[in-house]
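# Tertiary structure, described
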Amino acid sequence: MMIDIPEGEEPIPYVWGEMVPGIGPVAAQFSMAVYDHSKLGLREFEAARLRIAQINGCLFCLDWRTERDGVKVEESFADAVEQWRTTDVFDERTRLAAEYAERYALDHHGLDDAFWSRMTAHYSQAEIVELSMAIGSWLAFGRLNHVLGLDAVCVLPKS
């Protein structure tokens, strides 16, 4: 871990709360809002989230599976996300969610008219904004936790 955590303190609450009390709790609320208020389907949500986790290398995020109403994606889903270009288990919305997450993280300047034409054929403008905000949160907070070495001890903060 890159941050010194006092003995007896939990790393995530300490870093996100104690070290930056004006920022960390609000960031945690945003992070949780992505899960609590998403209207995206579970498969497209998880395709984007897992693709960011794979790119970030966040250990916790790679192991996490979002649950909705007692349902999670199948265990092989993460492998399909890694192979989003060729997998036959994704519909077009799920494939686009994985592609968008990858391009958002690695080549956001390369999101061309052809991509946006495909995206707007399958997602409403509100869904695109929601997916963009979710991807942004996962990219930022997954990288933050990984860079600081917190991902091995990460627990999602309570809102």
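This structure is a prediction, so every number in the text was calculated from the model and none was measured.

The rules behind each value
- Residues numbered from 1 in each chain as written.
- Predicted model: local features only at pLDDT ≥ 70, side-chain atom pairs only at ≥ 80, totals over all residues.
- Heavy atoms only, no water.
- Patch = residues over 30% accessible without salt bridge, like charges linked within 9 Å, V, L, I, M, F, W, Y side chains within 5 Å.
- Areas by Shrake-Rupley, 256 points an atom, 1.4 Å probe, with all protein chains shown as cover.
- Salt bridge = Lys/Arg side-chain N within 4 Å of Asp/Glu carboxyl O.
- Helix = DSSP H or I, 4+ residues; strand = E, 2+ residues; numbered from the N terminus.
- Buried < 20%, exposed > 50% of the residue type's maximum accessible area, 1.4 Å probe, protein only.
- Contact = heavy atoms within 4.5 Å.

A surface patch of nonpolar side chains, about 270 Å² in accessible area, is lined by Met19, Val20 and Ile23. Its location among the elements puts Met19 in helix α1 (residues 11-19).

Within the secondary structure, Cys58 sits in the loop between α3 (42-56) and α4 (59-63). When its relative accessible area of 0% is taken as the criterion, Cys58 is described as buried. In sequence terms Cys58 and Phe45 are 13 residues apart; their C-alpha atoms lie 17 Å from each other. Residues within four places of Cys58 in sequence aside, it is in contact with Ala53, Gly142, His146 and Asp151.

Moving on to the environment of Phe45. Mapped onto the secondary structure, Phe45 falls in helix α3. When its relative accessible area of 1% is taken as the criterion, Phe45 is described as buried. In the structure, Phe45 is positioned 26 residues away from Val71 in sequence and 13 Å away in space, judged by C-alpha atoms.

Just geometry here; none of it tells us what the structure is for.
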